[in-house]
Structures are given as C-alpha cells and as structure tokens.
Amino acid sequence: MPTLLHLDSSASPTDHSVSRRLTARFAHAWRARHPDAHYRYHDLAADPVPLIGAGYASLGVRVERQGAPVPLTDVASFATTPSEHQEWSLTHPLITELHSADTLLLGVPMYNFTVPAALKAWIDRITFPGAHTGRLTATRVIVVTARGGGYGPGTPREPFDFQTPYLRAWFTEHLGIPDANLRFIHAELTRAADIPALTPYRDLATTSLTTARTTLTDLATA
Ligand SMILES: Cc1cc2nc3c(=O)[nH]c(=O)nc-3n(C[C@H](O)[C@H](O)[C@H](O)COP(=O)(O)O)c2cc1C
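Visitor: It is not clear to me how the overall build of the protein should be interpreted in this structure. Could you clarify?
Guide: Helix and strand counts for the protein stand at seven helices and five strands. Starting at the N terminus, the α and β elements of the protein follow one another as β-α-β-α-α-α-β-α-β-α-β-α. The globule rule puts the C-alpha radius of gyration for 222 residues at 17 Å, and the 19 Å found for the protein is close to it. Projected onto its principal axes, the C-alpha positions of the protein cover 60 × 40 × 30 Å. Per-residue burial for the protein yields a buried fraction of 44% across its 222 residues. Within the protein, contacts between residues separated by at least 24 positions form 75% of all contacts whose residues are at least 6 apart in sequence. Total accessible area on the protein stands at roughly 11100 Å², and carbon and sulfur atoms take up 57% of it.

Visitor: I would appreciate a short explanation of the environment of Pro153 in the present structure.
Guide: If you trace the backbone, Pro153 turns up in the loop between β4 (140-146) and α6 (164-174). Judged by relative accessible area, which is 79%, Pro153 ranks as exposed. Considering only alpha carbons, one finds Pro153 and Lys120, 33 residues apart in sequence, at a separation of 25 Å.

Visitor: Would you explain the sheet that holds strand β2 (residues 38-43) in this entry?
Guide: Strand pairs in the sheet, formed through backbone hydrogen bonds, run parallel or antiparallel to each other. One open sheet holds the five strands; their spatial order is β2-β1-β3-β4-β5, and the pairing between them is parallel. In this open sheet, the two edge strands, each paired with only one partner strand, are β2 and β5 (182-187). Going from strand to strand, the sheet's axes swing by 15 degrees on average, the running direction of each strand aside. Against the sheet, helix α7 (residues 202-221) contacts β4 and β5, and its axis sits at roughly 150 degrees relative to β5.

Visitor: Please clarify how the nonpolar core should be interpreted in this entry.
Guide: One broad trend across soluble globular proteins is that nonpolar side chains are buried collectively. Ranked by size, the top nonpolar core spans 37 residues in total, and within it Leu104, Trp122, Phe128, Leu167 and Phe171 carry the most contacts. By residue number, the principal contributor to this core is helix α5 (residues 117-126), which donates five residues. Once you skip the residues sitting within four places of it in the chain, Leu167 turns out to touch Val108, Val115, Ile123, Val143 and Phe184. In terms of nonpolar packing, the next biggest core, distinct from the first, is built from 18 residues, Ala27, Ala29, Trp30 and Val144 among them.

Visitor: Sorry if this is basic, but what is going on with the packing of aromatic side chains here?
Guide: We describe a pair of aromatic rings using the distance from one ring centre to the other and the angle between the two ring planes. Tallying each qualifying case throughout the model produces six aromatic pairs. When the ring of Trp88 is compared with that of Phe128, the centres are 4.8 Å apart and the planes differ by 55 degrees; the resulting orientation is tilted. You can see Trp88 sitting in helix α4 (residues 82-99) and its partner Phe128 sitting in the loop between α5 and β4, a full 40 residues away along the chain. The two residues Trp88 and Phe128 agree in class, both being buried.

Visitor: Any chance you could explain the pattern of salt bridges here in plain terms?
Guide: If charged atoms from side chains of opposite charge come close, those side chains can pair. Under the defined criterion, the tally for this structure stands at ten salt bridges. Glu87 is the salt-bridge partner of Arg125, the closest N and O atoms lying 2.9 Å from each other. Of the two residues, Arg125 sits in helix α5 while Glu87 sits in helix α4, which places them 38 residues apart along the sequence. The pair formed by Arg125 and Glu87 is uniform in burial state, with each residue classed as buried. With its nearest N and O atoms 2.6 Å apart, the salt bridge here joins Arg168 to Asp179.

Visitor: Looking at this structure, how should I read α4?
Guide: At 3.6 residues per turn, the α-helix brings residues three or four places apart onto the same side. The terminal C-alpha atoms of α4 lie 26 Å apart, and with 18 residues this matches the ideal 26 Å at 1.5 Å per residue to within 8%. By the burial criterion, the buried members of α4 are Glu84, Glu87, Trp88, Thr91, Leu94, Ile95, Glu97, Leu98 and His99. If you follow the buried residues of α4, they end up packed against β1 (3-8), β2, α2 (54-64), α3 (72-75), β3 (103-109) and α5.

The rules behind the values
- Residues numbered from 1 in each chain as written.
- Predicted model: local features only at pLDDT ≥ 70, side-chain atom pairs only at ≥ 80, totals over all residues.
- Heavy atoms only, no water.
- Helix = DSSP H or I, 4+ residues; strand = E, 2+ residues; numbered from the N terminus.
- Rg over C-alpha atoms; globule rule 2.2 N^0.38 Å.
- Buried < 20%, exposed > 50% of the residue type's maximum accessible area, 1.4 Å probe, protein only.
- Contact = heavy atoms within 4.5 Å.
- Areas by Shrake-Rupley, 256 points an atom, 1.4 Å probe, with all protein chains shown as cover.
- Pairing = 2+ DSSP bridges.
- Axes fitted to C-alpha atoms, helices over the stretch in contact; angles between N-to-C directions.
- Core = buried A, V, L, I, M, F, W, Y, C linked by side-chain atoms within 4.5 Å.
- Phe/Tyr/Trp six-rings, centres within 6.5 Å; stacked < 30°, edge-to-face > 60°.
- Salt bridge = Lys/Arg side-chain N within 4 Å of Asp/Glu carboxyl O.
- Expected span 1.5 Å × (residues − 1).

Next up, the structure:
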C-alpha cells in the first residue's frame, strides 16, 4: 500500500504560505491518484518535534560505538538512564513513520538562507546513528521550497542557497536516498508581490509559481 508522509514547516498559516499551498496541491493530487493509500501529515511548525537533548546524544554515541548498525528494536536495550529512554521514545516512532513512507513530501520555506528550525529539529531527531542503513533506497522525496528572493542557477544569490545543497547532502549521505529519487521544486521570489525592491521580478515570480504548480501536479499523478 503506497504511503505518503507530508511535512510542512512554514511558520505562516496556509493562506500566507506558498510552500503549504504547494505541498497541499501535491498531496491532494497524489491522494486522488491513490485513493486507498495511507497518508500521514505533520505540521512541524504548529506541533514541533522536541529538540534533541543530552540523552539522545549519549545514547547515539553508545549505539555508534557498536560499529555495526543496531536494529531499531534493540536500541532501547542500550539506554541506561531515564533521559535516554525518554529520548528514544520520542525518536523511534518518527523513524518508523519515515521508513513506512514510499514518498516523503517536505514543505520548506527559506529562512535566513537555509531550512526552518522546525524542520531541522525533525532532521536532528530522526538522524539517529545507523537507523536508516539500507532502509530508504526506494523512497521518493519531493522537496518544495519557497524563497522570498531568487536563488536560481546563474543568479547573484545562487551561492546563498544553503537549502538545496544541505538537504541534498543530508538525504544522500545520511539517509542513503539515491540522488535520482530526490526532486526539488522551487517557488522563487515569493516576496516580489509586496517588497518594492523586488517589483521588477514579478513576472519571474509568477512563472516560477506556475511552473512549480504544474510540476507538482505532474509528479503527483505520474
Ligand atoms: C524568518 C524569516 C527569514 C527569511 N529569510 C529569507 C532569506 O534568507 N532569503 C529569502 O529569500 N527569503 C527569506 N524569507 C522569506 C521567505 O523565504 C518567503 O516569505 C517564503 O515564501 C516563506 O515560505 P512560505 O510562503 O511557505 O511561508 C524569510 C522569511 C522569514 C519569515
């Protein structure tokens, strides 16, 4: 049974969030295409994943020292303190939820050139040592970004895009997801409509949004 895991991380509500509206478009089309499939949704901004604590770090170090990946069902046996048990009880369900998904859909606004802290909290928690070894090689990932400015190829701000290279490195190196399974869909210049200095870029913003919408519908129904 196909499973879509949909995560949003914009601090803004849907009527003010480009990334939320775009991920909703994909999810709607995907669910229409797969009416019997499983669908899981988390709003990481409204319902944040707790930041990792000392117990997470100490448990992770102990597990990592085993050398070989420890099966998820055995990790709890390595916990020696209430804090480590508590941290693992917060972490394990999120990891198994990711493993059960065929498709991961992420809504990612650009905040200060990179991903929102709400998303980073989820990333830090699920990247437990050895947890994903060989588990995500068939997972498809759709990353929808929204940026107030423009960071496309050849633009002056391209070197300031710390979202795409960061997420690509994390997905491929830490999660083991093949690069071919990753798709980045960017809505650029989302603030062109209301920031006077960006007025000359309104047409580019419109084109970017239209392309993002079409691409997401195509990907969801493919
Ligand atoms: C805290 C904060 C930081 C931001 N930092 C940047 C930035 O570094 N570069 C940029 O182009 N836009 C920046 N923006 C604008 C957002 O990327 C833009 O409004 C985007 O559409 C937000 O996604 P959303 O519409 O899904 O909420 C920032 C917005 C906020 C609220």
